[in-house]
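Remarks on the overall topology
Single-letter residue listing:
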Amino acid sequence: MSTMTTERAISRRPARALLLLAVAGVALASCGDKGGKGGEAPTGQVVARLDGEEITMLEVNAELAGSPIPPNVARRDAEKAALNNIVTRRMLSRAAEERELHKTPDFQMQARRASEQLRVQALARDIAAKIATPTRDEAIKFMNENPAMFSERKFFILDQIQFLRPENIGELGFENTKTMAEVEAILTRNNMQFRRQPASLDALGANPDFVREVTKVLDRNPEELFMFSSRPQGAPAPVVLVNQVKDVRVQPFTGDKAREFAVNYLRNQRIQNALKAEMEKQQTAAKDKIVYQAGWEPPATKEGEDKKIGTAALPSPAGPAPVTLPGADAPAAAAEPALPAG
């Protein structure tokens, strides 16, 4: 078996639920007023007041940022729900303050963590904003160098086995397997849970280096198995995927949309490189300033283990993994380019 492995530690920010506190918002609607005890009705950019404290349209827009409005929801209805989210959160925040919960050690620790995360997110956005957009010529050059993604775009139809990567994977004998049945036999013999199902891999959304390696495997032997691993968010361990290509279909991707995709892909790649460089720069600068208690040093990388079991570390098959600075959500500009339909 040709074994190719990568471990992906991607921290992606889940889309916030729009109308998070919509139910609470409905309740608040009956409590508020347009004047009365709350004073005169707000005008202009001030959309509400809570005990005299103003809430502006800028805050409402920030509340909605990054949350796509469902097609069946009017913009103003979404804005009202976002406003009620702000009012509800602020009311509950005051209630917590009245109980002096903000003075507890746990709150202080969480507040510091949240503040650090916001600063790191700001740094990531600043780095991403300074990355220039690739030129048309650069995009065309990238397309010409990667025909499997564009003019010869390929869909690999796979027979796939999935299982969680065990610590002793190098001792189980996967590198000697030649059929999917032999892989299943090893998993069964070691009482390991697995799932076998059809899958597909679109070369357009895959890392070019990975596609080239898979192509080499197929050129050498169309029946050969190949393995890689990734770590989906929330998974307790990397997920190993053993694959055998059953069919390859070609569907070219060309024209203006292809060039636009190439531009976005290249910019995303450069942003990831810039974020990674900044992280490594800061780690190097701080190296002599960190002192660990014995046994608390960072774990060693698995590069040695990969070499021991005869695997080659490759980029993720799903494209260049967004590199986020620790504690930061991936900046919007660094998001992977969306795949075109079909």
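Before any of the text, the structure's been laid out above.
Residues numbered from 1 in each chain as written. Predicted model: local features only at pLDDT ≥ 70, side-chain atom pairs only at ≥ 80, totals over all residues. Heavy atoms only, no water.

**Focus on the overall build of the protein chain**
Across its full length, the protein chain holds nine helices and eight strands. Across the 342 residues that make up the protein chain, the buried fraction comes to 37%. Looking at the protein chain alone, contacts between residues at least 24 apart form 78% of all its contacts between residues at least 6 apart. Of the roughly 21000 Å² of accessible surface on the protein chain, 54% is carried by carbon and sulfur atoms. (Helix = DSSP H or I, 4+ residues; strand = E, 2+ residues; numbered from the N terminus. Buried < 20%, exposed > 50% of the residue type's maximum accessible area, 1.4 Å probe, protein only. Contact = heavy atoms within 4.5 Å. Areas by Shrake-Rupley, 256 points an atom, 1.4 Å probe, with all protein chains shown as cover.)

**Details of the pattern of salt bridges**
All chains considered together, the criterion is met by 18 salt bridges. Residue Asp247 is joined to Arg249 by a salt bridge in which the shortest nitrogen-to-oxygen separation is 3.2 Å. (Salt bridge = Lys/Arg side-chain N within 4 Å of Asp/Glu carboxyl O.)

**Some thoughts on helix 4 (residues 105-129)**
Relative to the 36 Å expected for 25 residues at 1.5 Å per residue, helix 4 spans 36 Å between its end C-alpha atoms, a close match to the ideal helical length. Within the sequence span of helix 4, burial applies to Gln121, Ala124, Ile127 and Ala128. Buried positions along helix 4 lie against helix 8 (255-286). (Expected span 1.5 Å × (residues − 1).)

**Regarding helix 7 (residues 208-220)**
Compared with the 18 Å implied by 1.5 Å per residue over 13 residues, the 18 Å span of helix 7 between its first and last C-alpha is a close match. Along helix 7, the residues classified as buried are Pro208, Phe210, Val211, Val214, Val217 and Leu218.

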